[in-house]
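Letter by letter, the chains look like this.
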Amino acid sequence: MAEINASIGVDKRLWRQDLAGSRAHVTMLGAQGIIPAEDVSAILQGLATIEAEYEASGVPEIVALEDIHMTVETRLAELIGPSAGRLHTARSRNDQVATDFRLWVRAACAETDAGLKAFTAALLARAEEHAATIMPGFTHLQVAQPVTLGHHLMAYVAMAARDRSRFADAARRMNECPLGAAALAGTSFPIDRHATAQALGFDRPTTNSLDSVSDRDFALDYLASAAMAGLHLSRLAEEIIIWASQPYGFITLPDAWSTGSSIMPQKRNPDAAELVRAKSGLFLAALQRLAIIMKGLPLAYSKDMQDDKAPVFEAHETLALCLTCMTGMVESITFNAAKMRAAAASGFSTATDLADWLVREAGVPFRQAHDITGRAVRAAEAAGIDLDGLSDETLAGIDARLTPAVRSVLSVEASVASRTSFGGTAPANVRAAIAAARAAL
């Protein structure tokens, strides 16, 4: 029972939050005249001593004390005697842990945002460097239309911006203080919950004591945001893995972000990217794990909720590591522009440009232009050449409206430069998008 009941091995990470909550609570108790001023002074001095001890030596794991809250309270009693018992006036471990955990998750949102910001800055730097570098754009992993590498990287900037917004939304929603809800029904002491909320940097106190101690939406919000961020990192990791393979050869990973083979000396394996791809599953599992814990719990607190912290702690640490690794890879990858351009020119990637030209210059309905372009593609395929290799005579034989002027849209450079619609891949668009993203960052 002692072993399954104890959580100190996990919740000892909350010691800073526990001390902060205790300081705010005891200060409020003194200001409200609920406990004597001399006890407030002694408790604050004792908490300062405990903080110094934990900073120097860590938190002792005493299973008999169960958790960080009793560990702090027991040590406080050793230091200052019976006055320590006044700290728990008008407070329960239920509202105490809810407050501690909110403080921790709120800080985790800020830390994750900083990691996403650094990742975004790395993407922006490389996107600016390659605003006009041509690469193939894919659908179904088939060459579709040429795009710029800068445009491709800016797609991940957009994803990271949404990720940041989710963590910001989660932090805003969770910024209400449960302290003072007590066990579940509030307290008969004349406490000032607005004072403790303000002291701990919350916007306001929570409005319902039952919900205050039993709510873990804030932790689920964090995990849902982490799952989305992990999904986006996994997609980029997958592209890095594909691009680094010899059939593609779009990038070269530095030794710092790859590993060798135990038997093949020529190998440079993209292990960091592969591990980021794998770890995206951890965030989804953590979200599911906590959701399953919470899904059937009646109000208010149940001991099941003691298991709420481990998945959040693990997800936060893993996401921080993944962001650091992906930022490092983005910063240091070498892009093979020539190989990318050659791939962009393959697969008849300017076929849509030819169809658009027929619509724009010859007034051909798009479906008919689509058919004409298809015939041009089949002719080029049969000849083993790209569209721009077809002779003027061959083009005219396919359709008389395919005049030599069509060659202006058959190169990948012309194709990319023409995509000037808002959000398009034209280099000028990419540079404008980079400037806007930098301003937002």
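Now for a description of the structure that goes with this document.

### Considering the environment of L124
Moving on, step 1. You can see L124 is positioned in helix α6 (residues 93-129).
Moving on, step 2. Under the relative-accessibility criterion, L124 is labelled buried at 0%.
Moving on, step 3. A C-alpha to C-alpha distance of 23 Å links L124 and D255, two positions 131 residues apart in sequence.
Moving on, step 4. Filtering out sequence-adjacent residues up to four positions away, L124 remains in contact with M154, V157, I434, A437, R438 and L441.

### A look at the packing of helix α7 (residues 149-174) against helix α10 (residues 217-244)
Moving on, step 1. Interaxial distance between α7 and α10 falls to 8 Å at its minimum, and their mutual angle equals 170 degrees. As judged from the angle between their axes, α7 and α10 are roughly antiparallel. The way α7 lies across α10 gives a crossing that is left-handed. Contact residues: α7 offers H152, Y156, M159, R162, D163, R166, F167, A170, R173 and M174, while α10 offers F218, D221, Y222, S225, A226, M228, A229, H232, R235, L236, E239 and W243.
Moving on, step 2. For the contact of α7 with α10, the residue count by class is 12 nonpolar, three polar and seven charged.

### A word on helix α4 (residues 37-57)
Moving on, step 1. Taking 1.5 Å per residue, 21 residues should reach 30 Å; α4 reaches 30 Å between its end C-alpha atoms and fits that length.
Moving on, step 2. Among all positions in α4, only D39, V40, I43, G46, L47, I50 and Y54 are buried. The arc that holds every buried residue of α4, seen down its axis, measures 130 degrees, which confines them to one face. Seen from the buried face of α4, the exposed residues on the opposite side, beyond 90 degrees, are A37, E38, Q45 and A56.

### Let's talk about the nonpolar core
Moving on, step 1. Of all hydrophobic cores here, the largest spans 91 residues; its most connected members are F119, Y222, I240, V312, L319, M326 and M329.
Moving on, step 2. With 15 residues, α10 is the single largest residue contributor to this core.
Moving on, step 3. Ignoring any residue separated from it by four or fewer positions in sequence, one finds M326 in contact with F119, L233, L236, A237, I240 and V276.
Moving on, step 4. Core analysis: the second largest hydrophobic core is formed by 20 residues, L354, L358, V377 and L395 among them.

Definitions and cut-offs
- Residues numbered from 1 in each chain as written.
- Predicted model: local features only at pLDDT ≥ 70, side-chain atom pairs only at ≥ 80, totals over all residues.
- Heavy atoms only, no water.
- Helix = DSSP H or I, 4+ residues; strand = E, 2+ residues; numbered from the N terminus.
- Buried < 20%, exposed > 50% of the residue type's maximum accessible area, 1.4 Å probe, protein only.
- Contact = heavy atoms within 4.5 Å.
- Axes fitted to C-alpha atoms, helices over the stretch in contact; angles between N-to-C directions.
- Parallel < 35°, antiparallel > 145°, perpendicular 65-115°, else oblique.
- Left-handed = near helix turned anticlockwise from the far one by under 90°.
- Nonpolar A, V, L, I, M, F, W, Y, C, P; charged D, E, K, R; others polar.
- Expected span 1.5 Å × (residues − 1).
- Arc of directions from axis to C-beta.
- Core = buried A, V, L, I, M, F, W, Y, C linked by side-chain atoms within 4.5 Å.

Purely geometric stuff here, so don't read any function into it on its own.
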